[in-house]
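A structural walkthrough
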Amino acid sequence: MSTRKNPFVYEQARLMSDEVVAQYYIDDHSHGRLLRSRRNIFLIGERGSGKTMELLYNTLPIQKLVMEGDNSNLDLGYIGALVPANTPLIHRQEHDLLDRFRASVVSEHFFALAIVFHLSEALGFVADSLTVEEEAALRTELAFYFDSPLPHQTDIFDAVCQMAQHESIEAQKALNVPAVEGMYTHALSFSSLAVPFMRAVKKAAAFRESHFMLMIDDAHMLNPYQVRSLNSWIAYRDRSLFSLKVATAKVGLPARKTGTGGDILEGHDFLTIDMERPFHNEGSDFGKFAARVVRRRLESVGVSKSPEEFFSVHPRLASGLRAAAESIRSRAMKEMPNAGNKRIGDYVYRQTWAEFIRKRSPQANRPLYSGFSTLTFISTGVIRNLLEPCFWMWEAIMKDASVGDGRIKGIPPSIQAKVILDRSEVAWARLRTLDMTIDGCSHRDAKRVRRLFEELSVYFQRRLFHHRSEPSATSFSLSGRDSGVMNQLSPLLSIAQRAQLLYIREGPAKTMGRRELYYVPNRILWPSRGMDPHGQHARASIMAKDVLAASEGRAIPFHVQTSSHQHNLFSTEEVTDARE
Amino acid sequence: MHGSRPLVVFTALSWEERFILGLKRLVSEHRPDSVILFQYGREKERTGPNWHEAAKVCQEVGCTMRPIELPYAQPIDSWRAIHAVVEEISRIGVTVLLDISTMPREATWTALFLLQRAGVWTRYAYHMPRSYGAWLSRDPKTPRLALKLSGQMRFGAKTVLCVLTGFDRERTHQLIRTFDPSVVLLGVQTGSQFGNRERNSGSFGESERLRKEGYKVNCFPVDAYSDDHGFGAIAREIQTYAENENILMASLGPKLSSVALYRVQRRYLRTGLVYTPSGEYNSDYSRGIGKTITGEMPWMESK
């Protein structure tokens, strides 16, 4: 099989064909099980965390493809339909010319029609499940709800799609008239169309036990009226007919209010799945998931090597890290002769990269970042961040004419190192153009965010060289969260988050039982600064006022630990999250 | 007067030299009965001197100057304000000369749409500057569809994004990130005016990068300074997709291309026009005034 096709495409699952989605999808058992249930689910994660892929895989068309591939019968117990919110229709503003009531009516009209269209489109893949009599009965009933006969020249589900399309176009034409308050008077709703449609379909024998999963993708794009409608549907008590699986970015998370002013409650009305993974070592859930994703991608182009073999570590890096680990181990055993193997092992794990970097000559080039483990850590727990450098490494290899018949046996470590450094520089370059790329980021804010990251980089570098117990920590929590300071700092952190240069996670706090937010700069930033891209599961606690001051170019205070501190090698001053 | 109808000039107050030099040119040549002056409160400080100069110019020739406040960040209120003034003037029967030189494209499109629907005979004018500044605008806000020019978008159709690119490639990227298109059509301005060849040199390389990222990309040449301002080139490019796909169109290059895009939208009613507001404009946006290009709006039948 030719390996010319780049298997590491990372943009837009929705652009992939059904066959590619089915081929590339890795079933994360816990997510799949939760999605294929009658529970309302919010999938939360930034762009590239795999939300759309997760939803797409559970849609009826893809499930049909998968079952056919397995020579299994398709189970119609759960019927999933993807309803993308980020379409041009969502960007219309004409409803804002109307009063609130009519704005909400016309907004729900478009939303309900989108649901009916996409559900009907999915059902079209199993249209032959209906008997002739069932189709005729469904056609009659749906004509009543649409208040118009359905087109006859096509199957029932295609006819419903056409009607939904027609209703949407007519409403758009009505809104496009020059009159200030152009309105569509035949507006439909979830209750008047979508619910009766689902009930009508269930009258057919094949769908009697079906549960409809309405999968709303990019829900953060919905307008406020549509968010309220969505929340009202989530609050429905009876979940036998349908449930909602809602994918949304963390930034711009939709509000939780319903149309009647109540709130939807986590646990009671919905569950949340956080698609971003905090832990990225080989043994963690994400580490294993990352390996499975890459292995699947390699298999799709006929490469049978493991990810670790395909992305091998540069021999000089491997030997340097081995030497550093040995040095650390010797020192630990000398200084703490009574410490057990596990403590020594943990210590070596925490200190190896730091020791390696400290011992390098100041004139040395940056380390030869390579190896699948490094790629996994650099991803910062977001699958797209894993695939993107792999994509560019593959492209770099394909430019080499000596690749011959196209068979690629691995990415040379030198290529890996070059691409990783390039992508790191690209990330820092993004920091220079935030005012051009991030909505609502002014020129001044862009400068402040850039300075903040520059100072964080300096701070973490100083830790790397001087912190005795947690040198490789590259994430931080904020202490002293004074509201005045946070009012100024939060917008800057939000800009960095929207630029995917910063991830905000939740983890255990110092105080027993409490949880706190912590901040993880995208690890792709660190290679170009010659830092440890693996980081540690510890986080530095930094005063919020110092982080704010960093945005004005002031150094973040760091006190070099001297021997007079009598600091225990194994002590940690910050919370260390358990290594999985 | 124009024939027997009063002539109204629409223009947008700006701190740029070509605003006041252009107004003087138009007023002296066409002797309008009134000048409708769109103004944006947030620019009050740096547009103050030109405002007073404009008032003087109008007074000297005996034409009324009528400022209309357009809240830049409130497209709904801006639309209503333009609608109100067009409704008013169309009742008395006028002809309009729309000076688009310093007018935000969204306001240009709104004015053209409302004037066309009111059946008002409309000409447009565009004053080229002598030179542009090192940068033009920054801090882009969320792109939005132009009111009443959003087209007719279809469920399940691919999104085709047609961008008439400017010098700033990041603006194009912002549009791609916002609308997630399957197909990207990049209209690249031809010619060497204002260092165009040098400043645009990366566009074709950029399209290669976008292709690698999975987008279907096509670059095509367009000339905003030609007689049709690129209408023919744009129409040819989008007509493959016009029947079945959702087409969004944005003008980031020379402002005359926004006239062409408007005409394309009116020809292909399913297409939508996109506007990206900016948070900040360079005080040194442009210098001086060059040629004035004028044209007449052919109010066309639509498909």
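Along each chain, numbering runs from 1 in the same order as the chain's sequence is written. Starting at A for chains and at 1 for ligands, labels are handed out in the order in which the entities are written. Two thresholds apply to this predicted model, a pLDDT of at least 70 for residue-level local features and 80 or more for giving and counting side-chain atom pairs, whereas whole-chain, interface and lining totals are computed over all residues.

Counting residues at the interface gives 37 residues for chain A and 38 residues for chain B. Those elements giving two or more residues to the side of chain A that touches chain B turn out to be α5 (100–123), α7 (156–175) and α17 (434–437) of chain A. A run of H or I in DSSP becomes a helix once it reaches four residues, and a run of E becomes a strand once it reaches two; helices and strands are each numbered from the N terminus. Counting residues per element, the side of chain A that touches chain B draws most heavily on α7(A), which supplies six residues. Residues belonging to the side of chain A that touches chain B are distributed by class as follows: 13 nonpolar, 15 polar and nine charged. Placing a C-beta atom from the backbone of each residue, one calls two residues in contact when those atoms lie within 7 Å. Think of it as three bins: nonpolar holds Ala, Val, Leu, Ile, Met, Phe, Trp, Tyr, Cys and Pro, charged holds Asp, Glu, Lys and Arg, and polar takes everything else, Gly as well.

This part takes up unusual backbone geometry. The backbone phi angle of A:D147 is positive, close to 60 degrees, even though this residue is not glycine. With respect to the helices and strands, the residue A:D147 is situated in the loop between α6 (132–146) and α7. Comment: burial labels come from other C-beta atoms within 10 Å of the residue's own C-beta, placed from the backbone, where a count of 20 or more is buried, 12 or fewer is exposed, and between is partly exposed. On the basis of neighbour counts, which here come to 10 C-beta atoms within 10 Å, the residue A:D147 falls in the exposed class. For B:D180, which is not glycine, the phi dihedral falls at a positive 50 degrees. Relative to the assigned elements, B:D180 resides in the loop between α5 (169–179) and β10 (183–189).

With that settled, consider the environment of B:V9. All names here are of chain B. One can find V9 in strand β1 (residues 7–12). According to the C-beta neighbour criterion, V9 is buried, with 23 such atoms within 10 Å. In the structure, V9 is positioned 113 residues away from T122 in sequence and 9.8 Å away in space, judged by C-alpha atoms. With sequence-adjacent residues up to four places away left out, V9 is seen in contact with L26, P32, V35, L97 and D99.

All names here are of chain A. For the pair α5 and helix α9 (residues 224–234), the least separation of the axes is 9 Å and the interaxial angle reads 65 degrees. Here α5 lies roughly perpendicular to α9, going by the angle between them. For the pair α5 and α9, the sense of crossing is right-handed. Taken together, the residues of α9 that come into contact with α5 (itself represented by A103, S104, S107, E108 and F111) are Y225, Q226 and S229. Partitioned by chemical class, the residues of the contact of α5 with α9 number three nonpolar, four polar and one charged. Axis definition: a line fit to C-alpha positions, over the contact stretch in the case of helices; interaxial angles, taken between N-to-C directions, run 0 to 180 degrees. In this scheme, roughly parallel covers angles under 35 degrees and roughly antiparallel covers those over 145, while 65 to 115 is roughly perpendicular and the rest are oblique. Note on convention: the crossing is left-handed when the near helix lies turned anticlockwise from the far helix by less than a right angle, right-handed when the turn is clockwise.

Within a sheet, adjacent strands bond to each other through the backbone by hydrogen bonds, running parallel or antiparallel. Residue and element names in this part refer to chain B. The six strands lie next to each other as β8-β13-β12-β9-β10-β11, forming an open sheet whose pairing is mixed. In the strand order of this sheet, the two ends are held by β8 (144–145) and β11 (216–222), each with one partner. At least two bridges found by DSSP between two strands is the condition for calling them paired. Here strand β9 (residues 159–164) pairs with β10 via five bridges, running parallel. Looking at the pairing, L164 lines up with G187 of β10. The strands touched by helix α9 (residues 256–267) are β9, β11, β12 (246–251) and β13 (272–275); relative to β12, the strand with the most contacts, the crossing angle is about 160 degrees.

Turning to the sheet that holds strand β4 (residues 242–248) of chain A, a few remarks are in order. Residue and element names in this part refer to chain A. Spatially, β2-β3-β4-β1-β5 is the arrangement adopted by the five strands of the open sheet, whose pairing is parallel. Strands at the two margins of the open sheet, each flanked by one partner only, are β2 (78–84) and β5 (271–274). Taken pair by pair, the neighbouring strands of this sheet meet at an average axis angle of 20 degrees, ignoring direction. Both strand β1 (residues 41–44) and β4 contribute to a ladder of four bridges, which runs parallel. Bridge pairing links I44 to T248 in β4.

All names here are of chain B. Domain delimitation follows an automatic or database domain assignment. We note that the domain assignment places domain 1 (7–133 + 287–296) and domain 2 (142–276) within chain B. In this assembly, 16 residues from domain 1 lie in contact with 14 residues from domain 2. Looking at the side of domain 1 that touches domain 2, the elements with two or more residues in it are α3 (75–92), α4 (105–117), β5 (121–127) and β6 (131–132). When residues of the side of domain 1 that touches domain 2 are assigned to their parent elements, the largest contribution, seven residues, is made by α4. When the residues that make up the side of domain 1 that touches domain 2 are grouped by side-chain class, the tally is 10 nonpolar, four polar and two charged.

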